[in-house]
Amino acid sequence: MAQYKEEEKCTRRIQKRFGKGVMQYGLIAEGDRILIGLSGGKDSLALVELLGRRMQQHKPRFTVVAAHIVMENIPYQSDTDYLRTHCEAFGIPFVLFKTSFESSTDTRKSPCFLCSWNRRKALFTVAKEQDCNKIALGHHMDDILETLLMNITYQGAFSTMPPRLVMNKFDMVIIRPMCLVHEADLLELAALRGYRKQVKNCPYESQSSRSDMKGVLRQLESMNPEARYSLWGSMANVQTESLPNQITEFK
């Protein structure tokens, strides 16, 4: 009985923040056909559940398709039968798309960047084939804040992944409906639901700096429990009059 109560509390927290993000940033409109980028991780599995339930219970009316992209030259395994079953449980069709990339074509970019870029291109291809006008990605609040910290630290830019991004070149809109959902809640949901982990063995995974930024975000929250909300609020509170008008390079 206690587990059911904890599960209910967790799902309510997630659904509340999910619904707030959808409404606040105008992510779903009447007649939308949305393609979910289904990696097979906890975040995309949760996104299937959340959008599937919303599609059945809420207005505006919209439809959803899920696509899993297999990068054939990266040695990892996906349980596609499990992914298909998970999607179908929420009335969502499942599409499997296979592609690959050659890392030697651009040695200036890391294999992680090239893999991610080619996955994104494949999602656009599937979205067009499925007559979708939006692509939903499973990034949550922590992802967005970690990207903000990474861009500040490594790129010298105050930028991150927006909840809604219009891609005019591709006639497509990228949405991140879980933009206000905390990763801690998604980890709890994954444990409560028993989401099955995909088998991965990516040789480039250790080259990512994101895990370092997860530690930075945790450290900031240990200094100030409200740090994530301050960071989020700062993106809508850029006080340009308090910043230098021009930055000169120095080393």
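The rules behind the values
- Per-chain numbering applies: the sequence of each chain, read as written, is numbered from 1 onward.
- Totals for whole chains, interfaces and linings use every residue, but because this is a predicted model, local features are given only for residues with pLDDT of at least 70 and side-chain atom pairs only at 80 or more, for both listing and counting.
- No hydrogens and no water enter the side-chain calculation; it runs on all heavy atoms of the structure.
- Numbering of helices and strands runs from the N terminus; a helix is a DSSP stretch of H or I covering at least four residues, while a strand is a stretch of E covering at least two.
- Accessible area is worked out with a 1.4 Å probe on protein chains only. A residue is then buried under 20% of its type maximum, exposed over 50%, and partly exposed in between.
- The contact criterion used is simple: two residues touch if any of their non-hydrogen atoms lie within 4.5 Å.
- Computed by Shrake-Rupley with a 1.4 Å probe, the accessible areas treat only the displayed protein chains as cover when residues are assessed.
- Centres within 6.5 Å make a pair out of two Phe, Tyr or Trp rings, where for Trp the six-membered ring is used; the pair is then stacked when the planes are under 30 degrees apart, edge-to-face when over 60, and tilted otherwise.
- The term salt bridge refers to a side-chain nitrogen of Lys or Arg lying within 4 Å of a carboxyl oxygen of Asp or Glu.
- Working rule for helices: expected span equals 1.5 Å times residues minus one.
- Whenever a helix is involved, its axis is fitted only over the stretch in contact; in every case the axis is a line through C-alpha atoms, and angles between N-to-C directions fall within 0 to 180 degrees.
- Note on angle classes: values under 35 degrees are labelled roughly parallel, values over 145 roughly antiparallel, values of 65 to 115 roughly perpendicular, and the remainder oblique.
- Under the scheme applied, nonpolar residues are Ala, Val, Leu, Ile, Met, Phe, Trp, Tyr, Cys and Pro; charged residues are Asp, Glu, Lys and Arg; polar residues are all the others, including Gly.

## Points about the overall build of the protein
Regarding its fold elements, the protein presents eight helices and six strands. A buried classification covers 42% of the 251 residues belonging to the protein. The contacts of the protein with a sequence gap of at least 6 include a subset with a gap of at least 24, amounting to 79%. On the protein, roughly 14,500 Å² of surface is accessible, and the fraction owed to carbon and sulfur atoms is 51%.

## Let's talk about the packing of aromatic side chains
What the rule picks out here adds up to one aromatic pair. With a centroid separation of 4.4 Å and 15° between ring planes, the pair formed by Phe 124 and Phe 170 is classed as stacked. Here Phe 124 is found in helix H4 (residues 111–129), whereas its partner Phe 170 is found in the loop between strand S5 (164–167) and strand S6 (172–175), with 46 residues between them in sequence. For Phe 124, a relative accessible area of 7% translates into the label buried.

## Comments concerning the pattern of salt bridges
In total, this model carries 18 salt bridges according to the counting rule given. In this structure, Glu 8 and Arg 12 form a salt bridge, with 2.6 Å as the shortest nitrogen-oxygen distance. With a gap of four residues between them, Glu 8 and Arg 12 both fall in helix H1 (residues 2–24), about one helical turn apart. Under the relative-accessibility criterion, Arg 12 is labelled exposed at 56%. For Glu 183, the salt bridge identified is with Lys 42, shortest N-O distance 3.1 Å. Of the two residues, Glu 183 is situated in helix H6 (residues 183–193) and Lys 42 in helix H2 (residues 42–57); the sequence distance between them amounts to 141 residues. For the pair Glu 183 and Lys 42, a shared accessibility class is recorded, and that class is buried. Several salt bridges converge on common partners, so that one network encompasses Lys 42, Asp 43, Glu 146, Glu 183, Arg 210 and Lys 214.

## Quick word on helix H5 (residues 141–155)
With 15 residues, H5 ought to run about 21 Å at 1.5 Å a step, and its terminal C-alpha atoms sit 20 Å apart, in line with that. Among the residues making up H5, those that are buried are Met 141, Asp 142, Asp 143, Ile 144, Leu 145, Glu 146, Thr 147, Leu 148, Leu 149, Met 150 and Asn 151. The elements touched by buried residues of H5 are H2, H6, helix H7 (210–223) and helix H8 (227–234). Two residues or fewer past H5, Gly 156 is found with a positive phi of approximately 65°.

## Examining H4
Spacing of three or four residues puts side chains on the same side of an α-helix, whose turn is 3.6 residues. Taking 1.5 Å of rise per residue, 19 residues should cover 27 Å, and H4 covers 27 Å from first to last C-alpha, within 8% of that figure. Every buried residue of H4 is accounted for by Pro 111, Leu 114, Cys 115, Asn 118, Ala 122, Leu 123, Phe 124, Val 126 and Ala 127. Those residues of H4 that are buried are in contact with strand S1 (33–37), strand S2 (63–71), strand S3 (94–99), strand S4 (134–136), S5 and S6.

## Considering the packing of H2 against H6
The interhelical angle for the contact between H2 and H6, taken along N-to-C directions, is 85°, at an axis separation of 10 Å. Classed by the angle they form, the pair H2 and H6 counts as roughly perpendicular. Where H2 approaches H6, its residues Lys 42, Asp 43, Ala 46, Glu 49 and Arg 53 are matched on the opposing element by Glu 183, Leu 186, Leu 187, Leu 189, Ala 190 and Arg 193. Looking at the contact of H2 with H6, its residues break down into five nonpolar, no polar and six charged.

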